[in-house]
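# A structural walkthrough
Read off the chains here:
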Amino acid sequence: MESEIDRNRRALQQLFPEAYCDGQLDLDVLLQLTGSEAQDPSERYGLAWFGKRSARQVALEPSLGTLRPAPDESVEWTSTRNLFVEGDNLEVLKLLQKSHYARVKMIYIDPPYNTGSDLIYRDNFRDGITAYRVATGQVDESGLSISSASETAGRLHTAWLNMMYPRLKLARNLLRNDGVLFMSIDEREIGNARLLLSEIFGEQNAICEFIWHAKRGGGSDKGGVVSEHEYVLCYARDASRQPLGNVQVEAASLDRVDEIGPYRRGRELNKWGANSLRRDRETMFFPIPGPNGEDVFPIRNDGKEGRWRRGHKQMMATVSRGDADFVPREDGSFTVYEKIRNTDRRAKPHRTMLGDVGQTADGTKAIKALFDQEEVFDFTKPPSLIKALIKLAAPPEPDHDGQTDFIILDFFAGSGTTAEAVMELNAEEESDLRFVLVQFPERLDFQSSKQSAAAALCEAMGRPANIAELAMERVRRAGQAIRAKHSEWAGDSGFRLLRLDSSNLQQWDSQTSDIEATLLANLDHVRPGRSANDLLFEALLRLGIDPSAHIQLRSVGGHDAYVVAEGPLIAYLGEKYENAEVDAVAQEIVELAQEISDSRDVTVILRDTAFRDDVAKANLLAALEQGSITNVKTI
């Protein structure tokens, strides 16, 4: 799989071939071609912290892992287009770079706040999969180093930045050009978060800083002040696309009638408020013909000489159309209103105050309603908040390509609120949104007063006691509750569960001292215990096919073949087949390819060790080529 570094290098070389000599980048030439000058790093404006270089490198290194399907623990496996991925979100984001590149309409994240506790995300840019398996207890914990740090020393801010930088860098790649990211954050990291997002997305793509009224009353104070709000930062992939649009407001009814027809009273044509006096704009003080032909001047409600909102030409046109409504005052002057005669919906901008979208207490209520009044998660965001954000970024109307099945990504899934919000919106508005959730399987502590109920629930279900398992159960229950509430809704309330693991293909160990044993072990590159389904999903990721794509199981030569029309792809991953079967198998594959697409567009994947010998493999490849299938890959 091509790494991020390779993609960047290739793109740069295509744009500036003159800047490369013998395959090496000449930085001086590049600066000259872009009209730039080298800066002294010590005098450059920006966010700097210890470990930033390593954090950038972490984002560039390819993942050595894969995502393994778990159909038995999924909901509506064959039909759903939603994904729930259990694993370290850094590795998962790397694995989604091809399949979801520039396809996500909205990202919402509620990352761990810097509370003074150790972060569970400990990145290793050399081998992220091994680090993940150590952190989740899949291998021996020896070598895992977790140290406490003093917040006043700044180390916790550094740890938070090192954790967030590579994840946000990778997440940006997944956004569509009209996509947006929302990040919930509190006052501890709001400053750093804003600078970090501006560096990754560009200051020009900062849309706004929403303020969410998170709670009312109570709470601990700091310096005599109780904080009742949190922030939601909003950044666009490309703000020039105006990804949030405007709020569409239904027009008020036309409740009045004159000789022309029905109308409603609009705003005053006399300007009011700041700069509304005659002296503020002398040229905007002039008479217009009143209802009886008299001169009407812009007199304010307090009796002072004011000014009109519009210039002389526009005001006279309004009067001549009969669209000025003169309301007499007791002193003989008039308040003049505009008559509105259309009923078209009007657009108005969004507001930064999120005051009517639920509070933390509502998030707790939503959890308790699903878990028999047990508070298995604390400090959860209410689904109403996420729904409000989705409505801003992914309205139910089709985009310019007619697409409505927008992807909503949450790679700090926590309690799974985003999934519930997506399903609720789909049921309420008959939309077709899809979710991708990623959650680290952080272990729950049976001895903790805050986690004991959650851990006990996982144990009662016969599942590992971790947050990912609990979030999955929340999504299952939420889907059932939404279906019960909206009985006529036939939408998607399922999800495909994928788990992060090491690649299905064994890596060659160049450091081994036992060459013979290593050669024997690598006769079959597939790791022991890995299924054809495992191989299929790794192939989907490597080929850039969405792992939520519809997969059809067909029979070819008496063996299972996976057909993915979205590829289009045919994966024939049987363990063994005889040489005599080759011609028949090739013919069936060609017929299947013609059924789903033009054969020339179809990719066929075969398992290398399924062939008895190289002759059988060569014969099959030749037969496929005769059927116009030339894109064949072997595992």
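As a starting point, this report considers the structure included with it. Since this is a predicted model, take the numbers as computed values, not measurements.

Before going further, it helps to examine the sheet that holds strand E26 (residues 603–606). With respect to topology, five strands assemble into an open sheet ordered E23-E24-E25-E26-E27, the strand pairing being mixed. Two strands bound the open sheet, and with one partner strand each, they are strand E23 (552–556) and strand E27 (631–634). In this sheet, neighbouring strand axes are inclined to one another by 25° on average, regardless of whether the strands run parallel or antiparallel.

So, on to helix H10 (residues 383–393). For H10, the tally of buried residues reaches nine of eleven residues, placing the bulk of the element in the interior. Among all positions in H10, only Pro383, Leu385, Ile386, Lys387, Ala388, Leu389, Ile390, Leu392 and Ala393 are buried.

Further remarks concern the side chain of Asp546. If you trace the backbone, Asp546 turns up in the loop between helix H15 (532–543) and E23. Polar contacts involving the side chain of Asp546 include one to the main-chain amide nitrogen of Ser548, which spans 2.9 Å. For Asp546, the residues in contact, after removing those within four places along its chain, are Arg81, Leu83, Ser99, His100, Arg103, Arg434 and Glu566.

We now examine the packing of aromatic side chains. Within this structure, the stated rule accounts for nine aromatic pairs. Between Trp77 and Phe537 the ring centres are 5.6 Å apart and the planes differ by 50°, which places this aromatic pair in the tilted class. Within this pair, whereas Trp77 is found in the loop between strand E3 (65–69) and strand E4 (83–86), its partner Phe537 is found in helix H15, the two being separated by 460 residues in sequence. Since its relative accessible area comes to 16%, Trp77 is described here as buried. Each ring, one from Phe286 and one from Trp308, has its centre 6.4 Å from the other, and the planes form 50°; the classification is tilted. Here the residue Phe286 occupies a position in the loop between strand E13 (262–268) and strand E14 (288–289), and Trp308 occupies one in the loop between strand E15 (295–296) and helix H8 (312–320), the gap between them amounting to 22 residues. Judged by relative accessible area, which is 0%, Trp308 ranks as buried.

The next point concerns the pairing of E13. Judged from the two bridges that link them, strand E12 (residues 256–257) and E13 form a sheet pairing that is antiparallel. Across the sheet, the residue bridging to Arg256 is Tyr263, located in E13. Between E12 and E13, which follow one another and run antiparallel, lie four residues, and Gly261 among them has a positive phi close to 155°. Inspection of the sheet shows E13 paired to strand E17 (residues 334–340) by three bridges, in the antiparallel sense. Bridge pairing links Arg264 to Ile340 in E17.

Within this structure, the stated rule accounts for 42 salt bridges. Residues Glu230 and Lys381 are paired through a salt bridge, measuring 3.5 Å at the closest nitrogen-oxygen approach. With Glu230 in strand E10 (residues 229–236) and Lys381 in the loop between helix H9 (360–370) and H10, this residue pair connects regions lying 151 residues apart in the sequence. The exposure classification of Glu230 matches that of Lys381, with both residues buried.

Let's shift gears to the packing of helix H12 (residues 452–460) against helix H13 (residues 467–485). The geometry of H12 relative to H13 is characterised by a closest axis approach of 10 Å and an angle of 75° between their N-to-C directions. Between H12 and H13, the crossing angle belongs to the class labelled roughly perpendicular. On the side of H12, the interface is formed by Ala454, Leu457 and Cys458, while H13 contributes Glu469, Leu470 and Arg477. Classifying every residue of the contact of H12 with H13 gives four nonpolar, no polar and two charged.

One open sheet holds the ten strands; their spatial order is E3-E22-E4-E21-E20-E5-E6-E10-E7-E19, and the pairing between them is mixed. Both edges of this open sheet fall to E3 and strand E19 (353–354), since each of them pairs with a single strand only. In the sheet, strand E7 (residues 206–213) pairs with E10 via seven bridges, with the strands oriented antiparallel. Counted as the bridge partner of Glu209 is Leu233 from E10. The strands that helix H7 (residues 190–201) touches are strand E6 (175–185), E7 and E10; relative to E10, the one it contacts most, it runs at about 5°.

Cut-offs and rules
- Residues numbered from 1 in each chain as written.
- Predicted model: local features only at pLDDT ≥ 70, side-chain atom pairs only at ≥ 80, totals over all residues.
- Heavy atoms only, no water.
- Pairing = 2+ DSSP bridges.
- Helix = DSSP H or I, 4+ residues; strand = E, 2+ residues; numbered from the N terminus.
- Axes fitted to C-alpha atoms, helices over the stretch in contact; angles between N-to-C directions.
- Buried < 20%, exposed > 50% of the residue type's maximum accessible area, 1.4 Å probe, protein only.
- Polar contact = N/O pair within 3.5 Å; in protein donor to acceptor, adjacent residues only side chain to side chain.
- Contact = heavy atoms within 4.5 Å.
- Phe/Tyr/Trp six-rings, centres within 6.5 Å; stacked < 30°, edge-to-face > 60°.
- Salt bridge = Lys/Arg side-chain N within 4 Å of Asp/Glu carboxyl O.
- Parallel < 35°, antiparallel > 145°, perpendicular 65-115°, else oblique.
- Nonpolar A, V, L, I, M, F, W, Y, C, P; charged D, E, K, R; others polar.

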